[in-house]
Amino acid sequence: QVQLVESGGGLVQPRGSRRLSCAASGSIVTIYSMGWYRQAPGKQRELVAAITEGGSTNYADSVKGRFTISRDNTKNTVYLQMNSLKPEDTAVYYCNADISDSTTWPGRDSYWGQGTQVTVSS
């Protein structure tokens, strides 16, 4: 019913920048919160940044001041602007969204993208 598709990952040098995008499509009624998670080898998945339907944001301490999450509700898309990247940011980044679709409304389901690899290396 709903799919999330991420794009923008790749190889970037330390101190460089990268922007990730995630577009939701399908039988969407309402998109509530959206967020980005990441998982590095040998580590658990962690929340990087989240944004509410109204635009309120929160970030992991490790990315505050460097990453910015935003959303374009007209495009059902969430972005993650990553600046001042560090090797420690290397991970698979996953998009997440809480969505009511045509079958679940007014209830919500949590959806995940396929993940996009971000590698920070010189």
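Structure: above.
Keep in mind the model is a prediction, meaning the values are calculated, not measured. Counting restarts for each chain, with residues numbered from 1 along the sequence as it is written. It should be noted that, the model being predicted, local features are given only for residues of pLDDT at least 70 and side-chain atom pairs only at 80 or more, the latter also being counted only at that level, while totals for whole chains, interfaces and linings use all residues. Side-chain numbers here rest on the full set of heavy atoms in the structure, without hydrogens or water.

Asker: How should the state of the cysteines be read in this particular structure?
Answerer: Put plainly, two cysteines are in a disulfide when a covalent bond ties their sulfur atoms together. Note on disulfides: each one is a pair of cysteine sulfur atoms within 2.5 Å. Under the defined criterion, the tally for this structure stands at 1 disulfide. A sulfur-sulfur distance of 2.1 Å marks the disulfide that ties Cys-22 to Cys-95. Judged by the torsion about the S-S bond (-80°), the Cys-22/Cys-95 disulfide is left-handed. One end of the pair, Cys-22, is in strand S3 (residues 18-26); the other, Cys-95, is in strand S9 (residues 91-101), with 73 residues separating them in the sequence. Here Cys-22 matches Cys-95 in class, with each residue buried. Each helix is a run of H or I in the DSSP string that is no shorter than four residues. Each strand is a run of E no shorter than two, and both are numbered from the N terminus. Categorising residues by exposure relies on relative accessible area from a 1.4 Å probe, with only protein chains included: less than 20% of the type maximum marks a residue as buried, more than 50% marks it as exposed, and the intermediate range marks it as partly exposed.

Asker: I tried to follow the pairing of strand S7 (residues 67-72) on my own but got confused; where do I start?
Answerer: Side-chain alternation along S7 places Phe-67, Ile-69 and Arg-71 on a buried face and Thr-68, Ser-70 and Asp-72 on a face that remains uncovered. Two strands pair when backbone bridges link them, and S7 and strand S8 (residues 77-82) are joined in this way by 6 bridges, in the antiparallel orientation. Paired with Ser-70 across the two strands is Tyr-79, which belongs to S8. One requirement defines pairing of two strands: DSSP has to find at least two bridges between them. In this antiparallel pair of consecutive strands, S7 and S8, the connection spans 4 residues, and Asn-76 shows a positive phi of 50°.

Asker: Quick question: what am I supposed to make of the nonpolar core here?
Answerer: General note: in soluble globular proteins, nonpolar side chains tend to be found buried as a group. What makes a nonpolar core is a set of buried Ala, Val, Leu, Ile, Met, Phe, Trp, Tyr and Cys residues whose side-chain atoms join them at distances within 4.5 Å. Trp-36, Leu-80 and Tyr-93 are the most contacted members of the largest nonpolar core, which totals 29 residues. Top element by residues in this core is S9. It accounts for 5 residues. Residue contacts are defined here by distance: any two heavy atoms, one from each residue, within 4.5 Å place the two residues in contact. Ignoring anything within four residues of it in the chain, the contact list for Leu-80 reads Arg-18, Arg-19, Leu-20, Trp-36, Val-48, Ala-49, Phe-67, Thr-68, Ile-69 and Tyr-93.

Asker: What should I look at first to understand the sheet that holds S3 in this one?
Answerer: To summarise the sheet geometry, strands pair through backbone hydrogen bonds and adopt either a parallel or an antiparallel arrangement. Spatially, S1-S3-S8-S7 is the arrangement adopted by the 4 strands of the open sheet, whose pairing is antiparallel. Pairing within the sheet leaves two strands with one partner each, and these edge strands are strand S1 (2-7) and S7. Geometrically, the sheet is characterised by an average inter-axis angle of 15° between neighbouring strands, direction not taken into account. Judged from the 6 bridges that link them, S3 and S8 form a sheet pairing that is antiparallel. Its bridge partner being in S8, Leu-20 is matched across the sheet by Leu-80. Note on definitions: angles span 0 to 180 degrees between N-to-C directions of axes, and those axes are lines fitted to C-alpha atoms, for helices only across the stretch in contact.

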